[in-house]
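Per-entry structural report
Chain by chain, the residues run as shown.
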Amino acid sequence: MKRLFYLLLISSVLISISCSTNDEGFQELSLRYEVPTSTWEETLPLGNGRIGMMPDGGVFSELIVLNDITMWSGSEDPEALNHGAIKYLPEIQKLLLEGKNIEAQNLMYKHFQCGGLGSASGNGKNAPYGSFQMLANLNIDYDYPLQDPDSESVSDYVRQLSLNDAIASTNFKIGDVNYSREYFTSHTDDILVIRIAADKKNAVSFKLNLTRPERGFLTVRDNVLFLEGQLNDGHDGKNGVSYLTKLEVVNTGGQLITENNSLSVSGADEAVILISTSTDMLDKDYESTVNELMSIAKTKSYSRLKADHIKAYKEKFDRVKLDLGEQDNLTPTDQRLIDFKTKDDPAFAALYFQYGRYLMISGTNENSLPLNLQGLWANQTQTPWNGDYHLNINVQMNYWPAEVGNLSELHMPLLKMTESLVSSGEKTAETFYGADGWVAHMMTNPWGFTAPGEHASWGATNTGGAWLCQHLWEHYTFNGDEDYLKSIYHVLKGASDFFLSSMIHEPSNNWLVTAPSSSPENAFYLPGSKQPVFVCMGPTMDVQIVKELFTNTLSAAEILGIDDSTTVKIKEALPQLPPMQISEEGYLQEWLEDYEENEPKHRHVSHLYGLYPSNQISPISTPELADAAKETLNRRGDEGTGWSRAWKINFWARLHDGNRAYKLLKSLLEPSFDTEMKMSSGGGTYKNLFCAHPPFQIDGNFGGTAGIAEMLIQSHDGFIHILPALPDNWSEGSFSGLKVRGGAEVDAVWEDNKLVSIVLKADTDNNFRIMVPDYVKSILLNGKELPVSEGFIYLDAKKGDSVKLDVVSV
């Protein structure tokens, strides 16, 4: 009865929280530099989820790389379905059951792989698989009134990216003239905008053109640049993606003329460059779209374009605040990055967190393609690893911050892509395995590639699609939309059907296992051999992913009132899956047997999928497994590629070790200057805060952002846990707007590493369970103490309710 009274009291006390989109309460968040760039990895990314650009801020000559997320070579590849592979599957499985992994692996190398060229091993632009590509280079040569200016005559140089407004700028002085440039990718008008100005009349003069390394035809008509072409389709060249880019200059004062396929402005007071671009991948009427967007933009003043853009961007960005101390907006960002390695700068961690949210808002939108390995930014026509979608962690990591970071709608491109793979995945399941349902392996592209990769050492993993299904379920847990759940149930069901019809019983314990498969990109040694082996049965990650998939499918079916043959089979299969096994040395086994690893400090830590992003390992609910996870991480070490370090932040946060998570954050933010491709070392962060694999790979940015969120709030274990992994040196701070499973936003304030207040705003009707820290004496609602039951308080809230709690420490 007493608890009922408090639940009624909570429901009746609605305390509003501000969701203002103005700058009140927001710190200035910016990346700031005092010199022009010397490499692309120093340039500043701008985008609206479809198109983008990266200006280098050169004073005399400026290069601005332009991007469109749909600039993909390649096309659908019927040859990827290797119809001869399935006849070797029984023999491969027989060899695995007999412990003859090497023989099974050799057979797979020869026969059980995709047909055709596959991903073409990093040369996808010349194969049907394709490659993400840059759009074009905008080259601008500037002319100044000062006679023969050089670098010595330039002063007060500042290059900056405002995260608050999504606007980049370059400012400097030559002689007695102050020059300014502003750049943004409009979130409303869907064009690229650049403004070049000076504080003295007739001081703006420049020449510009557009270039592309290949497949670009440039013309000039009526003082308008047109760049168009068609990318290689990997077949006969007739079905590649076509694109059109249109550039116009609107000058105030001075002259605008055409010179040899370039545009020249001389003696202007200011000039605004407008760029409209599109492809036919998602818009078959792309040429009309380009023209229409340009026409509309030209009817608006620069100030209107800018104001509209800022308002639309801030609607998303301003949802979340994170204050870990006052921002240093005077020290250049590259110097702050260097200093962070040896000095404590909690505010820099907050800047990095918000930069990750900025990159998500800028890199993807509800109606576009998902973020790829490059996000949407590239400066090559052949991007590393084709700039594709790796399904053994990388594209999933891109979206780890989406829900908790209050950008749920930006999760949709990945969810839509997952659903789009079902048709292709059904053909792959039937062709390679003779199985029901659908499957995707290690990688995919916009053309629906779901087959195994061309080499089994990395391409055999067949749980890529099932991992994507985890995102389908997560989106539901954060939002509680049953209509959405109903719409994607067939995807969960189909993925489950594949494993139900393809798994086999291993001989030692009669467990149901995937076969053949691999633990992503890692190898082991069989007893008495030193030959690296990748191909195996039932690696731990597969077991965790399949168990999660089955469990989520059952939960969805129960919510929707579905009882079908799939749910019956799942209930029979779940108890037959292998348990997670702890080795004699105390670490979690990566494979069914405790094999010796070929590379003990491998960048992938796939067998800890159950710790993060899944919820199968927890210090609270499974302490023995949590201890084994710690031992596993200590053996793996804290080094690795950029994204690997980011993953480890999340691991240690889930283990409630804030100081170790912070150590990994410092490791992720180690300055990197290496742009050569490396698979096991050199990870860190470039000057523009892009993650270094190396080379640049954006997943580490999003993994790091998610890791910071996990340090501040968790909700995967059936309750809300606030400040679960707070580092000692984040002793004071606050956040607002972070999302939790069950459907709520949470704000928190803490001092001396202890909670002071909590605000929960319900997005759904729910009974929220919040863990009470040991140091808490009481929690007050409207001045009255709430009851604590077994370390938790309960808030029964309706959608739209806001509840403020004051926390009193011992």
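Look up a bit, the structure's there.
Residues numbered from 1 in each chain as written. Predicted model: local features only at pLDDT ≥ 70, side-chain atom pairs only at ≥ 80, totals over all residues. Heavy atoms only, no water.

**Brief notes about the pairing of strand E1 (residues 30-33)**
- Taking every second residue as pointing to the same face, both faces of E1 are buried, with Ser30 and Arg32 on one and Leu31 and Tyr33 on the other.
- Relative to strand E6 (residues 154-162), E1 is paired through four bridges, and the arrangement is antiparallel. By the bridge assignment for E6, Ser30 is matched with Ser162. (Buried < 20%, exposed > 50% of the residue type's maximum accessible area, 1.4 Å probe, protein only. Helix = DSSP H or I, 4+ residues; strand = E, 2+ residues; numbered from the N terminus. Pairing = 2+ DSSP bridges.)

**Here's the deal with unusual backbone geometry**
- Residue Pro516 follows Ala515 across a cis peptide bond; omega there is 0°.
- Tracing the sequence through the fold places Pro516 in the loop between strand E21 (512-513) and strand E22 (524-525).
- Residues Pro694 and Pro695 are joined by a peptide bond in cis, for which omega reads 5°.
- As for its placement among the helices and strands, Pro695 is situated in the loop between strand E25 (691-692) and helix H20 (699-712).
- One non-glycine residue, Asn202, lies in positive phi territory at about 60°.
- Relative to the elements of secondary structure, Asn202 occurs in the loop between strand E9 (192-198) and strand E10 (204-211).

**So, the pattern of salt bridges**
- In total, this model carries 34 salt bridges according to the counting rule given.
- Linking Lys200 and Asp176 is a salt bridge whose minimum nitrogen-to-oxygen distance equals 2.9 Å. Here Lys200, found in the loop between E9 and E10, pairs with Asp176, found in the loop between strand E7 (167-174) and strand E8 (177-185); they are 24 residues apart in sequence, far enough to count as distant.
- Under the relative-accessibility criterion, Lys200 is labelled partly exposed at 38%.
- Asp176 sits in the exposed class, given a relative accessible area of 52%.
- Linking Glu521 and Arg603 is a salt bridge whose minimum nitrogen-to-oxygen distance equals 2.8 Å. (Salt bridge = Lys/Arg side-chain N within 4 Å of Asp/Glu carboxyl O.)

**Thoughts on the side chain of Asn650**
- As for its placement among the helices and strands, Asn650 is situated in helix H18 (residues 642-654).
- The exposure class of Asn650 is buried, given its relative accessible area of 0%.
- From its side chain, Asn650 meets the backbone nitrogen of Gly707 in a polar contact 3.2 Å long.
- The contacts of Asn650, once residues within four sequence positions are left out, are Trp400, Tyr612, Gly703, Ala706, Gly707 and Glu710. (Polar contact = N/O pair within 3.5 Å; in protein donor to acceptor, adjacent residues only side chain to side chain. Contact = heavy atoms within 4.5 Å.)

**Digging into the packing of helix H13 (residues 464-479) against helix H15 (residues 540-560)**
- As a packed pair, H13 and H15 sit with axes 10 Å apart at the nearest point and diverge in direction by 40°. One way to sum up the angle between H13 and H15 is to call them oblique. In this structure, H13 meets H15 at a crossing whose hand is left-handed. Residues Ala466, Trp467, Cys469, Gln470, Trp473 and Tyr476 of H13 form the contact with H15, whose participating residues are Met541, Ile545, Glu548, Leu549, Asn552, Ser555, Ala556 and Ile559.
- Residues of the contact of H13 with H15, tallied by class, amount to 10 nonpolar, three polar and one charged. (Axes fitted to C-alpha atoms, helices over the stretch in contact; angles between N-to-C directions. Parallel < 35°, antiparallel > 145°, perpendicular 65-115°, else oblique. Left-handed = near helix turned anticlockwise from the far one by under 90°. Nonpolar A, V, L, I, M, F, W, Y, C, P; charged D, E, K, R; others polar.)

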